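A structural walkthrough
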Amino acid sequence: MNDGANREAKNRSARERLQAERERQKKKDKRRRTLVVATAVVGVLGLAAVVGLIAANTGKDSAAGGPVTAPSGATGEDSLAIRTGSAEAPSTLVVWEDFRCPACKNFETMYKDTVHELEAKGLLKTDYHLVTLIDGNMGGSGSLKSANAAACAQDAGKFTEYHDVLFENQPPEPDDAYGKNAKLLELAGKVPGLDTAEFRACVENGTHESWVGKSFEAFRAGKFRGTPTVLLNGKDVMTEQITPQKMKEIVEAAAKGGGTASASPAASGSPSAAGAPASKAPKAKGSASASRTASPSAPARGTDELGAARE
């Protein structure tokens, strides 16, 4: 009984920290939108320059240009997912995340051990979709370059290890440390066997940057509200309040035939199921609200990054 109470207390504490991070991000977004609106009023005469800057940033977000080169073993629609765990696993976890996103780090810290354990048992497979939301929100290129480096690690068969290292060493959100290839190569040294000439060339050349850009385009087209977006067999982990212990129970039950054995097509093949945000994403053009296919009754939380004109 004491062990159960302690686990529940830890899970509750972790959820509270995740919620606090969301609230902090929401306040920061509102302050930033207010500043943007004020600057726009004062700087009408500089509109042409502002438009040019927006166009430049949009290009960075989408990583457009050059051939789209998917990393080794990429799967799903348009090969935009990196899968870990056995392809035969009865349960599927779908994760959309950004290596610069603080709430994504909180999610990884809270759920990582459980995910690894279930994958090792052959009960769960995870499809990771890498996006560049924070680059667009905060400026810089750390989301793009770290995602490219993670895709390079996938080529080397070291994605999981490097993925975890990137989150464990995540810099403060405003710090674009991951925008420097030297930092990403330094962290590769923490993964045995990763720091090779092939990996370095992949990172330095931005081999998978256009692929990352395409993944972010899919994220925006899917009308997601933010990162992390996490779906377990089609159910939103955040809005459904699925704790690590509950995740384990659901996956084990599915393996025994006592639950949904596979993710819905929307969750595994396309970004049409909505998730719970921490870092806010712009709405897709022409959309008034986020789609909530995975949990129709769950309330949409937060506002989008372009919400200053919509609130």
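Look above for the structure.
First, a word on scope: everything that follows refers to the structure included in this document. (Residues numbered from 1 in each chain as written. Predicted model: local features only at pLDDT ≥ 70, side-chain atom pairs only at ≥ 80, totals over all residues. Heavy atoms only, no water.)

**Some details on the pairing of strand β2 (residues 91-97)**
Note the threshold: Accessible area is worked out with a 1.4 Å probe on protein chains only. A residue is then buried under 20% of its type maximum, exposed over 50%, and partly exposed in between. A run of DSSP states H or I qualifies as a helix once it reaches four residues; a run of E qualifies as a strand once it reaches two. Both are numbered from the N-terminal end. Here, strands pair whenever DSSP counts at least two bridges between them. For the handedness criterion, the strands are oriented away from the viewer, and a crossover whose path from the first strand over the helix to the second runs clockwise is classed as right-handed.
Of all seven residues making up β2, seven are buried, and the element is well covered by its neighbours. Across seven bridges, the pairing between β2 and strand β3 (residues 124-130) is parallel. Following the sheet pairing, T92 is matched in β3 by K125. Regarding the hand of the β-α-β motif, the stretch spanning β2, helix α3 (residues 102-120) and β3 is right-handed. As paired strands, β2 and strand β5 (residues 229-232) are joined by four bridges and run antiparallel to one another. Across the sheet, the residue bridging to V95 is V230, located in β5.

**Quick word on helix α8 (residues 197-205)**
Residues lying three or four places apart along an α-helix face the same way, a consequence of the helix completing one turn every 3.6 residues. Heads up, the condition is: In this description, the arc belongs to the directions extending from the helix axis to the C-beta atoms. Whether two residues are in contact is decided by their heavy atoms, any of which lying within 4.5 Å being enough.
Of the positions making up α8, those classed as buried are F199, C202 and V203. The buried residues of α8 occupy an angular sector of 95° when projected down its axis, which confines them to one face. Exposed residues pointing more than 90 degrees away from the buried face of α8 are listed as A197, E198 and N205. At its buried positions, α8 is contacted by α5 (142-155), α6 (159-168) and α7 (181-188). Just downstream of α8, G206 is the residue with a positive phi angle, here 60°.

**Here we look at the packing of aromatic side chains**
We apply this condition: Each Phe, Tyr or Trp ring, with Trp reduced to its six-membered ring, pairs with another whose centre is within 6.5 Å; inter-plane angles below 30 degrees give stacked pairs, above 60 give edge-to-face pairs, and intermediate values give tilted ones.
The full count for this structure, using the stated rule, is eight aromatic pairs. Seen in terms of ring centroids, W96 and F224 are 4.9 Å apart; in terms of plane orientation they differ by 45°. Their pairing is tilted. Highlighted residues: W96 in strand β2 and F224 in the loop between α9 (209-221) and β4 (226-227), separated in sequence by 128 residues. On the basis of an interplanar angle of 25° and a centroid distance of 5.3 Å, the ring pair of F219 and F224 is categorised as stacked. Accessibility assignment for this pair places F219 and F224 in one class, buried. Taken together, W96, F216, F219 and F224 form an aromatic cluster joined through their ring pairs.

**Looking at the environment of L194**
The topology assignment puts L194 in the loop between α7 and α8. Owing to a relative accessible area of 0%, L194 belongs among the buried residues under this scheme. A sequence separation of 35 residues divides L194 from F159, and the C-alpha atoms of the two residues are 9.5 Å apart. Non-local contacts of L194, meaning those with residues more than four positions away in its chain, are made with A153, A156, K158, Y162, A188 and F199.

**Comments concerning the packing of α3 against α6**
The test is simple: Fitted lines through C-alpha atoms give the axes, limited to the stretch in contact for helices. The angle between two N-to-C directions lies from 0 to 180 degrees. In this scheme the crossing of two helices becomes right-handed for a clockwise turn of the near helix relative to the far one and left-handed for an anticlockwise turn of less than a right angle.
Look at α3 against α6: their axes get within 10 Å of each other, and the N-to-C directions meet at 145°. The two elements α3 and α6 cross, and the hand of that crossing is left-handed. Together, C104, K105, E108, K112 and H116 of α3 and T160, H163, D164, F167 and E168 of α6 make up the contact between the two elements.

**Here we look at the environment of V131**
Within the secondary structure, V131 is located in the loop between β3 and α4 (133-138). For V131, a relative accessible area of 1% puts it in the buried group. Through-space distance from the C-alpha of V131 to that of G213 is 7.4 Å; in sequence the pair is 82 residues apart. Non-local contacts of V131, meaning those with residues more than four positions away in its chain, are made with W96, E97, D98, S143, S215, F216, F219 and T227.

**A short note on the state of the cysteines**
Using the following cut-off: Criterion for a disulfide: a pair of cysteine sulfur atoms at a distance within 2.5 Å.
Applying the stated rule across the entire model yields one disulfide. A sulfur-sulfur distance of 2.0 Å marks the disulfide that ties C152 to C202. The S-S bond linking C152 to C202 shows a torsion near -80°; that makes this disulfide left-handed. Placement of C152 in helix α5 and of C202 in helix α8 is noted, with a sequence separation of 50 residues between them. The class of C202 is buried, set by a relative accessible area of 8%.

**Things to note about unusual backbone geometry**
Residues apart from glycine generally show negative phi values, whereas peptide bonds are mostly found in trans. At the junction of T227 and P228, the peptide bond is cis and its omega measures out at -5° in the coordinates. Residue position: P228 is located in the loop between β4 and β5. Positive phi, normally seen in glycine, also occurs at K223, with a value near 65°. Looking at the element boundaries, K223 is found in the loop between α9 and β4. Positive phi is not limited to glycine here, since N233 has a value of about 50°. By the secondary structure assignment, N233 is in the loop between β5 and β6 (235-236). What makes N233 buried here is its relative accessible area of 8%.

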